[in-house]
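Structural features, examined
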Amino acid sequence: RRVLLLGEGNFSFAASLCGAEGTHVVATCYESEEEVCGRGRAAESIRRLRETGAEVVFSVDCTKLKDYFLPEERIFDCIYFNFPHCGRKAGVVKNRELLAHFFRSSAEVLTEEGEVHVSLCNGQGGTPADQPRREWHNSWQIVAVAAGAGFILSNIHPFKAETIHGYKCTGYRSQDKSFCVECALNHIFTRSTPLPYFKPMICKTKLENQKVYFQVPQVLVDKINRGFLELNSNHPVRTVKEKLTAGLSQAFPLQNIDDCPSLLHQGHLKGVCHSHIFWIIPSPEETPSTEEMSNGLANAVLFSHVDFCSDTHKKGWVNVQEGCNISEQYYLRPSLLPIAQAIIQRGTFLPGTLHVLSGPVFRKCLITPCSMPVFHELVFACAVNRGTENSCIEMLARNIKASIHSLHQAVSDFKLNINLHEATSFETTELNGFAAFESQFSKIQYFIGVETDTPGSCEKGSCVGIISTAPYELVSSELVVVFASLNLDLLAMLICGISDWRMLWTSDTRFISQFPGGQLRLFKSFSLYPPSYVHDVSFWVPDGEQFDEVAFHTIAREVSGETVISLQLVDSFQQPETGRKSLCYRLTFQSCDKALSRQKVAEMQLLLRQEISQRLHVTLR
């Protein structure tokens, strides 16, 4: 294990590490050997380091590290930089610049899974761990600075100088004087996975027993076919599904619906707001390119993926085998309830048996911490004799509550309340996007609300499911079908203390490694205090048109790679003379798992302005 120490003043910190088993120390400082040896106890520490086999290197600039080591030596597992400072009375701006260059230089000599430790005096870092906390503009903004080099803050703890044998801080205003390190903090940074760049993606699915290819909407490219519910998955979403199903099997005979329903559906969605649907509509005027045909898609029919309720299309296509009758409307499935109802209509169900269906569903929605454009839905369906549906509903609700309680108690001791709200008494404003949308497919009897004190979990009082009955015309006159639909993603967040739905979809292995063998545990974030950036955008909306806010939010999701966490209307103005309407929105950018720099956010903001101008026909101000 190779450890690099930078900016050593008197080498007392390096001396405390030397001799550790399995560790090779490379201790450096900015000054020459002659300058350093004049400091108290420095010569003794240097001698001890050399006697134990450590390397001591002088006149090392922390912003140009690769210049001091051969290529084969540029592999450090850990880099320490204690109390960096430009010297004398340098202000916060110059010290931010020093850190920015240091982090970029460290990235060139650090192993992929290495750590960078930076100790700062209390208040300098600018994180909530600093007490008292300085104003942001008066701090070193260390997390935002590190993000510019691709690092995230993964841990932070007190720097306890008194526990480091022989350590003495020095260098106050570039002199051999100590300084106050009381309440100092050690910030531990690790590499972030890079921000994704998504190429257009073609997905294969089945439609009416035919193989079908379609272009995936850009905002869903990293979320299609992730396999969270597959047998070999350790993802908490699958564990929650398996545990809930096992719990209900104690009260009902179960039948899994193994036939995987198609991601792509066709036909008309009655009563559903079309702006919330990912539509794919035919555009017969063009044909696939030679390259597309050479990839085995010779029978492709060109489609346009329509993002919004406008005339702006995104070109995509569906490949259908010959003989398939193509309707004029295709869409990504927004719910599994219509699929369950279709199975019932075919008569392929056993009365009294609880049929289980699960899979991802897709919906356009506004940006909130717990509203997601894709999530995993779990549907239970049971056909019972007419007149007994209320007892079935009560039994189903009782067992769902008991199963969720059992799951939560196995993970933490924090309080969890599960409440059933009658559909007639539950305020519409209390519904999250999930429950409000489900109400369009069935007659809802109860909403399932969950409240927890688990630290870090998503918004309190989340509606995680519904219990409903099928319209009578779907079944025989003797039977009624009772449904329960659950949002597995929200349940996993509440049980494991995950505050942001995006974390469920991260590609960083540090997430899934916290659930070995599918065990449910309280999640510990590996990216602490991520920086946020605020930008405004204002524009004139087209005359006589209703502004499509869902479309606006969907574009923001797409161009930012889901890094916009808040999009709020802050001002609305109507010009008296012309009647033209202007809107101003405030966007907050923040990533829960990746390094997000100020420069990258500025690029996203520019792209957002271009996209809304072209696709929503607004006039930028």
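Residues numbered from 1 in each chain as written. Predicted model: local features only at pLDDT ≥ 70, side-chain atom pairs only at ≥ 80, totals over all residues. Heavy atoms only, no water.

Looking at an unreviewed UniProt entry, one finds the protein named phenylalanine--tRNA ligase, with Syrrhaptes paradoxus as its source organism. Quoted verbatim from the Sequence similarities (unreviewed entry) field of UniProt, the annotation for the protein is "Belongs to the class-II aminoacyl-tRNA synthetase family." The UniProt entry for the protein carries the following comment under Subcellular location (unreviewed entry): "Mitochondrion matrix". (UniProt positions renumbered as here; feature names shortened; annotations may be inferred.)

Moving on, we come to the sheet that holds strand 18 (residues 416–422). On the basis of which strands lie adjacent, the open sheet formed by 7 strands has the order 10-16-17-21-20-19-18 and mixed pairing. The strands lining the two open edges of the sheet, one partner per strand, are strand 10 (254–256) and strand 18. The average undirected angle you get between the axes of adjacent strands in this sheet is 25°. Of the pairings in the sheet, the one linking strand 10 to strand 16 (residues 354–362) comprises 3 bridges and is parallel in character. Along strand 16, the bridge assignment pairs Gln255 with His355. Running at roughly 15° to strand 17 (residues 374–385), helix 6 (residues 236–248) makes contact with strand 10, strand 16, strand 17 and strand 21 (479–487) of the sheet. (Pairing = 2+ DSSP bridges. Helix = DSSP H or I, 4+ residues; strand = E, 2+ residues; numbered from the N terminus. Axes fitted to C-alpha atoms, helices over the stretch in contact; angles between N-to-C directions. Contact = heavy atoms within 4.5 Å.)

This part covers the pairing of strand 22 (residues 533–540). In the sheet, strand 22 pairs with strand 24 (residues 581–589) via 8 bridges, with the strands oriented antiparallel. In the sheet register, Val537 faces strand 24, and the bridge partner there is Tyr585.

Packing of helix 6 against helix 9 (residues 389–411) leaves a shortest axis separation of 9 Å and a crossing angle of 130°. The orientation of helix 6 with respect to helix 9, classified from their angle, is oblique. Considering only the axes of helix 6 and helix 9, their crossing is right-handed. Where helix 6 approaches helix 9, its residues Val240, Lys243, Leu244, Gly247 and Leu248 are matched on the opposing element by Leu396, Asn399, Ile400, Ser403, Ile404 and Leu407. Considered class by class, the residues forming the contact of helix 6 with helix 9 number 7 nonpolar, 3 polar and 1 charged. (Parallel < 35°, antiparallel > 145°, perpendicular 65-115°, else oblique. Left-handed = near helix turned anticlockwise from the far one by under 90°. Nonpolar A, V, L, I, M, F, W, Y, C, P; charged D, E, K, R; others polar.)

Glancing now at the environment of Leu354. Take Leu354: it is sitting in strand 16. Classification of Leu354 as buried rests on a relative accessible area of 0%. Expressed as a C-alpha distance, the spacing of Leu354 and Val482, which sit 128 residues apart in the sequence, is 9.4 Å. (Buried < 20%, exposed > 50% of the residue type's maximum accessible area, 1.4 Å probe, protein only.)

To continue, consider unusual backbone geometry. Negative phi is the rule for most residues except glycine; trans is the rule for most peptide bonds. Cis rather than trans, the peptide bond between Gln131 and Pro132 has omega equal to 0°. Within the fold, Pro132 resides in the loop between strand 5 (110–120) and helix 5 (142–147). Located in the positive-phi region is Phe11, a residue other than glycine, with phi close to 65°. Among the secondary structure elements, Phe11 is positioned in the loop between strand 1 (2–6) and helix 1 (12–17).

Tracing the sequence through the fold places Ser371 in the loop between strand 16 and strand 17. By relative accessible area, which is 13% here, Ser371 ends up buried. Sequence separation between Ser371 and Leu490 is 119 residues, and the spatial gap between their C-alpha atoms is 9.2 Å. Look past the residues within four positions of Ser371 in its chain and what remains in contact with it is Cys365, Leu366, Trp501 and Arg557. A polar contact of 2.6 Å, which involves the side chain of Ser371, links it to the side chain of Thr368. (Polar contact = N/O pair within 3.5 Å; in protein donor to acceptor, adjacent residues only side chain to side chain.)

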